[in-house]
Amino acid sequence: MTEAWEAAVESQIRSAAQRGEFDNLPGMGKPIPGRGAPYDESWWIKSFLEREALPSDLLLPTPLQLRRRIEQVPAEVRGLPTEQSVRDFVGQLNAQIVAWLRSPEGPRVVVRPVNADEVVRRWRAERASAGSRTSTDSLAPTGGPAPAVAPVRRSWWAWLPWRRRQAT
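Rules behind the numbers
- Residues numbered from 1 in each chain as written.
- Predicted model: local features only at pLDDT ≥ 70, side-chain atom pairs only at ≥ 80, totals over all residues.
- Heavy atoms only, no water.
- 1 Å grid on protein atoms, 1.4 Å probe; cavity = no way out; pocket = protein on both sides within 12 Å on 5 of 7 lines; lining within 4 Å.
- Points joined across faces, edges and corners; volume = space filled by probe spheres on them.
- Nonpolar A, V, L, I, M, F, W, Y, C, P; charged D, E, K, R; others polar.
- Patch = residues over 30% accessible without salt bridge, like charges linked within 9 Å, V, L, I, M, F, W, Y side chains within 5 Å.
- Areas by Shrake-Rupley, 256 points an atom, 1.4 Å probe, with all protein chains shown as cover.
- Salt bridge = Lys/Arg side-chain N within 4 Å of Asp/Glu carboxyl O.
- Buried < 20%, exposed > 50% of the residue type's maximum accessible area, 1.4 Å probe, protein only.
- Helix = DSSP H or I, 4+ residues; strand = E, 2+ residues; numbered from the N terminus.
- Expected span 1.5 Å × (residues − 1).

Peer 1: Help me understand the layout of surface pockets, please; the structure alone is not making it clear to me.
Peer 2: A water-sized probe, rolled over the atoms, reveals where empty space remains. Of the volumes computed, that of the second largest pocket is approximately 200 Å³. Lining the second largest pocket, in full, are P33, G34, A37, P38, Y39, D40, W43, K46 and S47. When the residues that make up the lining of the second largest pocket are grouped by side-chain class, the tally is 5 nonpolar, 2 polar and 2 charged.

This is the structure in structure tokens:
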């Protein structure tokens, strides 16, 4: 049975090749991607993310995705126009964090809600410093782009509960 099936398939392939259906295919003459590379078990995931231009953060477990979003809060709220929009953004993020805390899945990672007042305070300070920078920049000669301000990054051990200092 199997030999008859293989013979039928081979005859269809031969007849299609004789008709020229395999001529001028899009990948003809190009090397097969990843041909000389060592085998990777997750090659299809990586190729899908690359082909669809998706961030690799989607592969992280939920608590790590939330931690990454918490780290990116200052950069994400920087462009928001009003204090209320900043509070709404933080409120939505906190709702996701609380939903995860109610039914945690994945690795045990400490994730706490974001303090909206602290984010708003930093947002105001950045806007005030940006406003004063633009007023002084208008008086300075234009010699090139203004230097970018790097976000303050905390080291990984600062997140550990026993390393935090309690406010007195």
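Peer 1: What is the right way to look at a nonpolar patch on the surface in this model?
Peer 2: A contiguous nonpolar patch, built from W5, V9, I13, F22, L25 and M28 and spanning about 620 Å² of accessible area, is present on the exposed surface. Under the relative-accessibility criterion, F22 is labelled partly exposed at 42%.

Peer 1: Can you walk me through helix α5 (residues 83-102) in this structure?
Peer 2: Three or four residues apart is the spacing at which side chains of an α-helix point the same way, because the helix has 3.6 residues per turn. The terminal C-alpha atoms of α5 lie 28 Å apart, and with 20 residues this matches the ideal 28 Å at 1.5 Å per residue to within 8%. Along α5, the residues classified as buried are S85, V86, F89, V90, L93, N94, I97 and W100.

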